[in-house]
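So you can see what is in the structure, the chains are spelled out below.
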Amino acid sequence: MTNHWVDFKNADVVWVMGGNPAEAHPCGFKWVVEAKKQRKAKLIVVDPRFNRTAAVADVYAPIRPGSNIAFFGGVINYLLSNDKIHHDYVKHYTNAAFLIDPGFKFEDGLFSGYDETKRSYGSKDTWKYQMGADGFARIDETLQDPNCVFQLMKKHYSRYTPEMVNKVCGTPKDAFLKICEIVATTAAPNKTLSYLYALGLTEHSNGSQNIRCAAMIQLLLGNMGMAGGGINALRGHSNVQGITDMCLYAQTLPGYLGAPTDADKDFATYVAKRTPKALRPGQMNFPQNFPKWFVSLTKAWYGNAATKETNFAYDYFPKLGGASDALSIFNDMFMGKVNGFFCQGFNPLASLPNKKKVGDALAKLKYMIVIDPLATDTSEFWKPHGEFNEVDPSKIETEVFRLPATFFAETSGTLTNSGRVVQWGWKAANAPGESKDDAEIIAEIFLTLRKMYAKDGGAFPDAIRDLTWAYNQPLSPSPEEVLKEINGKALVDLTDPKDPTKILFKAGDQLPSFGFLRDDGSTSCGNWIYCGSWSQAGNNTARRDSSDPSGLGQTLNWGFSWPVNRRILYNRASADLQGKPWDGSRTVLKWTGSKWGGNDVPDMRPDAAPDQYVMPFIMTPEGVGRLFSREIMADGPLPEHYEPFESPIDNNPMHPKVKSNPVARVYKADMEAFGTAKDFPYVATTYRLVEHFHFWTKFSKANAIVQPEQFVEIGEALAKEKGIKAGDRVKVRSNRGFIKAVAVVTKRIKSLEVDGKQVHTIGIPIHWGFKGTAKPGFITNTLTPYVGDANVNTPEFKAFLVNVEKI
């Protein structure tokens, strides 16, 4: 989230598209209710189902799964063609005025630079800014140059008319225009819209671009950095944000630092590539601090082995030779290229697409280690469970080790919620049986491996041998020690750069902010954005002062919000060029005459006076928000509608020559496993229920009682057509397998007319499996296709094709 849960109460409009917070986030949703109650806020819901959030909405519109960008594009076109934008904000705080290379084109569904043989944009040179002789990006303050971002946007989205939105999405034209009208009201400087989304936006083959669309709309309206504004991701559970921040996957290092690749031949090359130069004069260009963040990380990991002479242990870091996301890992496993697999807090048999492929991949391992409090479906992938898991154990040689771990309430430590608030939790109960804390399990494995390397050597034992492990109890590191390590400290006495005679911090002091990190090896920090979570003042994540002087929900003494306890990101954008709040009744930040002050930690250099023209979006080299993403996105600098890889219609109405995302992640064998509308005529989408939590609560008797049996939702029209009544058992098939479930015939899912064709949607909850206390069920991802988003490779769980028949 750019904002936080409590901030929802400050919104004038709340737009939910790609989520269902009344069901999936019932506690946080109270702040949306508060906005409706206290501010008379309008709630908009766009979803394939009339869900529980829609039930309390002011306006609801149905949409075909997988057509979100067409809807967003229509909203962008409406705002631009009807002049419903925040002009001063757009001109000064976005890259609308920036000039793009004259060679940039979009024709027949493709941007310039596409390489069909590689299914990628091999050249993105035409997506870049025009650069001036002074080394900075050129701009046109009039916004009239045909190559400026503003004009390119207008041209690109002019195709997304209300009629086209209706044709692609199936959304009734009157409902679409009503939503546009309400959204447009927040272009006024004293009105804000809060955009809420969850996996309903991300789990598509163009998921990243879905979210880009929402951000672009918020920039056009001037809602970023504002109280009651922002782009707000509703995470799937209480610490998804935390694990994301720690980047426990190979593409990035903690704090979203890009991981080294084979192309980074040495430390200097690696750092130079990730340390951008400012693209406009006088901008903060905060990523220029990358060397400080990375070097401090190496000191936290490798201590005395990370020195200037050793290039700060750069050679110890593995170098990526290609993709390393879950889809690529399991594809390699499926191809027999992986020997062993550590599976910690993860149930991939249930949570990755195409269960058959995932199960076959696991069967090709030599060993798998499962670290989990529960006996998951994955841990018994090898065991027959009737038609729920039809396997032959005699043909599976994988050796499985189950190491029972603790639940969150059985250990102390932090959880980071969706609003980036890091909160300490205290142990409430001892774990049963032989369960051990995750840190204790990992510690014992690591220390045993290190002893083995010390005794027997190896091809390159250095990275294991030199890893720091200076905990009071090496076999059981305490959560307090780990959080201190993540926060970071001074390794020597740190002097003031402006006055070398002044000592800012003594060696060993916990640092209060990443602003004090250095690139010379004199500081350590396990994650730069968490610096300040445990300072010399103590454990700031354990603070529980709920005082809120502003009345805006800015409880700055409750926990710690990264970065530097800031609650609303880019809050400099909440004030105009002179530093005056756009809305004085909801002041987040203002210029006091000598510094920035207000009701939040400034997302700006404190002494950067307005007349210095330091723009609000300090994490971009431009200093402004990007309506046009330059060469950063894999599938284009402007979001474009592409059909799901399994689509109910024959062609893409926007451009028949290019149907689906031309650079999405898909392997040849999986491409051949896609179904067609001829055999699988109905669209399916997956979702969650309030009575269950992912695949955990099927082990809980209370949850099993309130939602005991697997079901699917079918609209009344489809049910009539197929002779299905409420309570009948049905078989739902895709080209990859089938599930059986009880049919819930409902008014909540309407059939939609899409490109002249009647399209039915089937809703499938995800929570069942063959392990647990609940009545055994089929794993929903038996049905889903093995294809991922072009940028972050999130699987396309939300739009695929099935058939259904009464059993």
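Look a little higher up for the structure.
Residue indices begin from 1 for each chain and proceed along its sequence in written order. It should be noted that, the model being predicted, local features are given only for residues of pLDDT at least 70 and side-chain atom pairs only at 80 or more, the latter also being counted only at that level, while totals for whole chains, interfaces and linings use all residues. Working from all heavy atoms in the structure, the side-chain values ignore hydrogens and water.

### A few points about the overall build of the protein chain
A helix here means a DSSP run of H or I that spans at least four residues, while a strand means a run of E at least two residues long, and both kinds are numbered starting from the N terminus. A count of helices and strands for the protein chain gives 21 helices and 35 strands. Here the globule rule reads 2.2 Å times residues to the power 0.38, and the radius of gyration is calculated from C-alpha atoms. Here the C-alpha atoms of the protein chain give a radius of gyration of 26 Å, agreeing with the 28 Å that 2.2 N^0.38 yields for 807 residues. Considering only C-alpha atoms, the protein chain reaches an extent of 85 × 70 × 55 Å along its principal axes. Between buried and exposed lies partly exposed: a residue is buried under 20% and exposed over 50% of the maximum accessible area for its type, with that area taken using a 1.4 Å probe on protein chains only. For the protein chain, buried positions account for 57% of its 807 residues. We call two residues in contact when some of their heavy atoms are within 4.5 Å. Taking as baseline every contact in the protein chain between residues at least 6 positions apart, the subset at least 24 positions apart corresponds to 70%. Surface accessibility follows the Shrake-Rupley procedure with a 1.4 Å probe radius. Residue values consider only the protein chains on display as shielding. On the protein chain, roughly 32,800 Å² of surface is accessible, and the fraction owed to carbon and sulfur atoms is 53%. The centroid of the 94 positive side-chain charges in the protein chain is displaced by 3 Å from the centroid of its 86 negative side-chain charges. When charges are counted, Lys and Arg are positive and Asp and Glu negative, with His and the chain ends excluded. For the purpose of locating charges, the reference atoms are NZ of Lys, CZ of Arg, CG of Asp and CD of Glu.

### Description of the sheet that holds strand β14 (residues 399-404)
Pairing between two strands requires that DSSP report at least two bridges joining them. Pairing in this open sheet of three strands is parallel, and the strands run β12-β13-β14 from one edge to the other. Only two strands of the sheet have a single partner each, and these edge strands are β12 (340-344) and β14. On average, each strand axis in the sheet is tilted by 15° relative to the strand beside it, whichever way the strands run. Helix axes are fitted to C-alpha atoms over the stretch in contact, other axes to C-alpha atoms as well, and angles between N-to-C directions run from 0 to 180 degrees.

### Here we look at the pairing of strand β33 (residues 761-765)
Summarising burial for β33: five of the five residues are buried, a large majority. What you see with β33 is no split at all: Thr-761, Gly-763 and Pro-765 on one side and Ile-762 and Ile-764 on the other are buried throughout. Here five bridges tie strand β27 (residues 682-687) to β33, and the two strands are oriented parallel to one another. Looking at the pairing, Ala-684 lines up with Ile-762 of β33. Note: strand β28 (residues 711-715) against β33, two bridges, orientation antiparallel. Counted as the bridge partner of Ile-714 is Ile-762 from β33.

### Notes on the layout of surface pockets
Volume-wise, the second largest pocket comes out at about 460 Å³. Taken together, 20 residues form the lining of the second largest pocket, with Lys-355, Lys-356, Asn-389, Glu-390 and Val-391 sitting closest to its centre. When residues of the lining of the second largest pocket are assigned to their parent elements, the largest contribution, four residues, is made by helix α15 (residues 355-362). Start and end points for every domain follow an automatic or database-based domain assignment. Each of domain 2 (326-419 + 428-466) and domain 3 (668-806) accounts for three or more of the residues forming the lining of the second largest pocket. Using a grid of 1 Å spacing that covers the protein atoms alone, one calls a set of points a cavity when a 1.4 Å probe fits there but cannot get out, and a pocket when the set is open and has protein on both sides within 12 Å along at least five of seven lines; lining residues are those with an atom within 4 Å of a point. Grid points are joined across faces, edges and corners, and a volume is the space filled by probe spheres set on the points.

### Comments concerning the packing of helix α3 (residues 68-81) against helix α6 (residues 162-169)
In helix packing, the relevant descriptors are the interaxial angle and the interaxial distance, both defined with respect to the helix axes. Axis separation between α3 and α6 bottoms out at 9 Å; the angle between their running directions is 170°. Classified by the angle their axes make, α3 and α6 are roughly antiparallel. Side by side, α3 and α6 meet where Ala-70, Phe-71 and Gly-74 of the first sit next to Val-165, Val-168 and Cys-169 of the second. Any residue that is not Ala, Val, Leu, Ile, Met, Phe, Trp, Tyr, Cys, Pro, Asp, Glu, Lys or Arg is counted as polar, Gly included; the first ten are nonpolar and the last four charged. Per-class residue counts for the contact of α3 with α6 are five nonpolar, one polar and no charged. An angle counts as roughly parallel when it lies under 35 degrees, as roughly antiparallel when it exceeds 145, as roughly perpendicular when it falls between 65 and 115, and as oblique in every other case.

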